[in-house]
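Observations on chain architecture
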Amino acid sequence: MTTIFTGHIRAKQDSSDGICDALVVNSEGKIVAIGDAKKLVARNLEAALVPLDGWIMPGLIEPHGHPATAAIFLSEKVVDIRPVVVPTAEGVLAALRAALSNAQGAVYANGWDALLQRGLPEPSIQLLDELAGATPLVIVHNSGHSVYFNTAAANEIGLDRNTPNPVGASYVRDANGDLTGVALEAGAVETVCGPLLAAARADMPALLAAHFADLARRGYTTVADLSWNPALNPIVNAMRDAGTLPLRLRWYETSRPNGVAAAHGEGDAYSRQVGVKTWSDGSPWVGNIATSFAYLDTQATRDLGLEPGHIGTANYTSDELLDIASPYAAGGWQLACHAHGDLAIDATLDVYETLIKRHNLTDHRFRLEHVGAMTPAQFSRAASLSVTVSLFVDHITYWGEVLVNDLFGAEHGGAWADAGAAFAAGHRATFHNDGWVTPNEAFRNMAVAETRTSRNGFVMPGGTPVARAQALAAHSTNAAWQLFSEHEIGALEPGLYADFIVVDRDPLTATPEELAQTQVRASYLGGKKVA
Ligand SMILES: [Zn+2]
C-alpha cells in the first residue's frame, strides 16, 4: 500500500526555496518520491491520501542519549531533584526530607547541582547520615559523574574503606582513609546505584516503553544510547515485533579495561550497535575535567570544594585510554569518547591518531563527546583526522553565566560548546542532551547554538553562532551520519525510511526564539504514526 502524506515540506533543509507538499511512502515505510502533490497523486491514483496539518520535516535524532538509564532515573523509583524541576537548595532538601519520611526502603534521588541550586550544603557522608539515619540514601549529581551516599547505603552494597577504586573511577576518602560518601565516575557511580538498577530490571519493559513514548512525543524518531546494556535487547526486539517500538535505537557498548569487541552484524534498521563508549575526563560541574587553565577562585568553586587555582585531571592517562580502546578499534567499532577539557581532547585525539594508523582505519567516524572547552585549532585537528564531534550546547542554556562568571572566565568559559567553530572547521557536528541531564528539547538546542544565550538572557562573550541549516542538520542528517545510518534516516529523500514529524511552524524561517518553542504535532516512523 502506498501512502501520500501532504503538508508543507522543505525538500532541502538548507535553502529558503523549494517548498513542496507531498511525500510518497511505500509499503516498506520508505520514501519513494517527494514533490508536487497534484503530480504525485496523478501518478499514484491507488495511494491513500493523508493530509497533515503543519510542516513536515525529518524526525529528530538524539545522537548522544542514555534512554535506558533515563528510563529509570526519570521514573517514580527516583526522587527528581534536577535543577530544571527543583531550582533551589531549599527545594532540594525539602524534597529529600519528604521522600525519606515516606521511605519504604532505600531512597535514590537524581539531579543535585550546587552550581544551579545555590546554597546546597556539602554532600558529605555525615550530612547524608543526618538526613537519612538508617535508611540508605543515594543522591546522584545532575551530571551523572558523581554520586553521594550515606553509611547505610555503603553497608547495603558492602562498600568500605578497604574497597579498591574501579579503573577510571574512585570512592573519595579523607586523610584517614575513610569514605567521604562521594563516588566519582561511571565505574563507582554504577556500583553505588547497583541496588536501584537491579531492582528496576524487572520493570524495564514498562519503563523503557514509557520513556521511548515520551521521546517520540518530543519528535525523536531515533535515539542513541551511549551506555546501553545489551541484556535489554530482547525488550526492544519484542517491542519491534509487536509493532510498538516508536523510535529507532542506535547503541554503544560501555568500554571495559581488557574488553573484548562484540561481533558485527547483529541488529537491524530498528536497533543495532554502532560503537563503543570510552571516557577521557569528567564533568566541569564537579571539577574533574582536564584543562590547561585553572578554575577561577570564586565562592562557587570554593563551595564545590575546589582549592584556589584548581586544575582538573583526566580519569585515564593516554596509555590507559589507548589500552582500553585498542581492542574495540581493532574490532572495527566506532569509538565515542567523553572529553570536555582541552587537555583531555588533545589526549583523546592522540589516542585516536595512534589507533587510526595502527589499524589502517578509513571510515572510522571516531567521535568526541560534549567537547566543552574544545578550541578552533582542535576542531581543525579533529577534522583532519576525520574525527567527528557532538556538542552539549545546552550547557549554555543552563550554565552559561556559571561557566563564565563562576568557573572559567570569559576567555575559556565564554567560548564553551563552540558549535560555530566546529562547523567552520568542516565538521558534520551534532548536538545532544545527554539523556536525563537536560530535557530532550532539540529545537531549543538549535536555537541556543544560534544565539549562544542562556535561559536567563546571558549572552556568551565568545564562540561562534551557527546558521539555521547547520542547526537543523545537527539533529538530522549529521546525526544520522554519525550513527552510521545515513543510508536509512536523517532526511526526506527517496530510498530512506519515512521517519518524519509534523511541526507547527516552518523550522527554516522561524526566529531562534520561535524555533525553540516549536510544537511537535505528530511523529511517524517508517510512515507509521507513532505519536
Ligand atoms: Zn553521556
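Preceding this paragraph is the structure being described.
This section reports on the structure supplied with the text.

Quick notes on the rules
Residues numbered from 1 in each chain as written. Predicted model: local features only at pLDDT ≥ 70, side-chain atom pairs only at ≥ 80, totals over all residues. Heavy atoms only, no water. Helix = DSSP H or I, 4+ residues; strand = E, 2+ residues; numbered from the N terminus. Rg over C-alpha atoms; globule rule 2.2 N^0.38 Å. Contact = heavy atoms within 4.5 Å. Buried < 20%, exposed > 50% of the residue type's maximum accessible area, 1.4 Å probe, protein only. Pairing = 2+ DSSP bridges. Donors = N, O, S within 2.8 Å, 3.2 Å for Na, K, Ca; no water. Core = buried A, V, L, I, M, F, W, Y, C linked by side-chain atoms within 4.5 Å. Phe/Tyr/Trp six-rings, centres within 6.5 Å; stacked < 30°, edge-to-face > 60°. Axes fitted to C-alpha atoms, helices over the stretch in contact; angles between N-to-C directions. Nonpolar A, V, L, I, M, F, W, Y, C, P; charged D, E, K, R; others polar. 1 Å grid on protein atoms, 1.4 Å probe; cavity = no way out; pocket = protein on both sides within 12 Å on 5 of 7 lines; lining within 4 Å. Points joined across faces, edges and corners; volume = space filled by probe spheres on them. Salt bridge = Lys/Arg side-chain N within 4 Å of Asp/Glu carboxyl O.

1. Remarks on the overall build of the protein chain
- When helices and strands are tallied, the protein chain shows 19 helices and 21 strands.
- Taken against the 2.2 N^0.38 rule, which gives 24 Å for 531 residues, the C-alpha radius of gyration of the protein chain at 23 Å falls within 12% of a compact globule.
- Each of the three principal axes of the protein chain carries a C-alpha extent, and together these read 80 × 50 × 45 Å.
- Of the contacts made within the protein chain by residues no fewer than 6 positions apart, 69% connect residues no fewer than 24 positions apart.

2. Some remarks on the pairing of strand β2 (residues 19-25)
- Summarising burial for β2: 5 of the 7 residues are buried, a large majority.
- Where β2 meets strand β3 (residues 31-35), 4 bridges bridge the pair, whose relative direction is antiparallel. When the bridges of β3 are listed, V25 appears paired with I31.
- Where β2 folds back on β3, the antiparallel hairpin that results is connected by 5 residues, among which G29 adopts a positive phi of roughly 85°.

3. A look at the coordination of the zinc ion
- Listed as protein donors to the zinc ion are H64 (NE2), H66 (NE2) and D434 (OD); their distances from the metal cover 2.1 Å.
- The sequence pattern describing where the donors of the zinc ion fall on their chain is H-x1-H-x367-D. With a gap of 368 residues between them, H66 in the loop between β5 (60-65) and α2 (67-73) and D434 in the loop between β18 (430-431) and α16 (442-451) connect regions that are remote in the sequence.

4. Thoughts on the sheet that holds strand β20 (residues 520-525)
- Here 7 strands make up an open sheet; going across it, the order is β3-β2-β1-β4-β19-β20-β21 and the pairing mixed. Bordering the open sheet on either side are β3 and β21 (528-529), each of which pairs with just one other strand.

5. Some thoughts on the nonpolar core
- Residues F149, L335, L368, V387, L391 and F431 are the most contacted members of the largest nonpolar core, which totals 119 residues.
- Sorting elements by how many residues they give to this core places helix α14 (residues 394-414) first, with 8 residues.
- Grouped together as the second largest cluster of nonpolar side chains are 22 residues, A99, L100, A109 and I139 included.

6. Considerations on the packing of aromatic side chains
- Taken as a whole and assessed by the stated rule, the structure comprises 12 aromatic pairs.
- Judged by centre distance (6.0 Å) and plane angle (65°), the rings of W112 and Y148 are edge-to-face. Here W112, found in strand β7 (residues 107-112), pairs with Y148, found in strand β9 (residues 146-149); they are 36 residues apart in sequence, far enough to count as distant. The pair formed by W112 and Y148 is uniform in burial state, with each residue classed as buried.

7. Overview of unusual backbone geometry
- Within the chain, N360 stands out as a residue other than glycine whose phi angle is a positive 50°.
- Within the fold, N360 resides in the loop between α12 (342-358) and β16 (367-370).
- By relative accessible area, N360 is classed as exposed at 67%.
- Positive phi values are uncommon outside glycine, yet A417 reaches one of about 50°.
- For A417, a relative accessible area of 1% corresponds to the buried category.

8. Some points on the packing of α14 against α16
- Contact geometry for α14 and α16: axes closest at 7 Å, N-to-C directions at 65°. Contacts between α14 and α16 involve D394, I396, T397 and Y398 on the former and, on the latter, R444, N445 and V448.
- Residues of the contact of α14 with α16, tallied by class, amount to 3 nonpolar, 2 polar and 2 charged.

9. Observations concerning the layout of surface pockets
- Taken as a whole, the largest pocket holds about 790 Å³ of empty space.
- Along its surface, the largest pocket is lined by 33 residues, and T69, E190, L197, S227 and T254 are the ones closest to its centre.
- Listed by contribution, the elements that provide at least two residues to the lining of the largest pocket are α2, α6 (186-192), α7 (194-200), β12 (220-228), β13 (248-254) and β14 (271-279).
- Here the lining of the largest pocket takes 4 residues from α2, the largest share from any one element.
- Counted by class, the lining of the largest pocket contains 14 nonpolar, 12 polar and 7 charged residues.
- In this structure, the second largest pocket spans a volume of roughly 590 Å³.
- Residue lining of the second largest pocket: 29 residues in total, with Y148, V182, V286, L304 and G305 positioned closest to the centre.
- Broken down by secondary-structure element, the contributors of at least two residues to the lining of the second largest pocket are β9 and β11 (179-184).
- Broken down by element, the residue count for the lining of the second largest pocket peaks at 4 residues, all from β11.
- Residue composition of the lining of the second largest pocket, by class: 14 nonpolar, 11 polar and 4 charged.

10. Observations concerning α16
- Within α16, 9 of the 10 residues are buried, which leaves it mostly tucked inside the rest of the structure.
- Taken as a whole, α16 has its buried residues at A442, F443, R444, N445, M446, A447, V448, A449 and E450.

11. Regarding the pattern of salt bridges
- Tallying each qualifying case throughout the model produces 26 salt bridges.
- A salt bridge links R10 to D506; the shortest N-O distance between them is 2.4 Å. You can see R10 sitting in strand β1 (residues 3-10) and its partner D506 sitting in the loop between β19 (500-503) and α19 (512-516), a full 496 residues away along the chain.
- The exposure class assigned to R10 is buried, which follows from its relative accessible area of 6%.
- Residue class for D506 comes out buried when judged on its relative accessible area of 8%.
- Of the charged contacts in the structure, one is a salt bridge between K77 and D203, with a shortest N-O distance of 2.6 Å. Of this pair, K77 sits in the loop between α2 and β6 (79-80) while D203 sits in the loop between α7 and α8 (204-217); the two residues are 126 residues apart in sequence, bridging distant segments of the chain.
- Given a relative accessible area of 33%, K77 falls into the partly exposed group.
- The exposure class of D203 is partly exposed, given its relative accessible area of 32%.
- Each of D346, D350, E353, K357 and R381 takes part in one network of salt bridges that share partners.

12. What about the environment of G133?
- Among the structural elements, G133 can be located in the loop between α4 (125-132) and β8 (137-141).
- G133 gets classed as partly exposed once you look at its relative accessible area, which sits at 40%.
- Put simply, G133 and T151 are 18 residues apart on the chain and 8.5 Å apart in space, counted from C-alpha to C-alpha.
- Residues in contact with G133, not counting those within four places in the same chain, are L128, N150 and A152.

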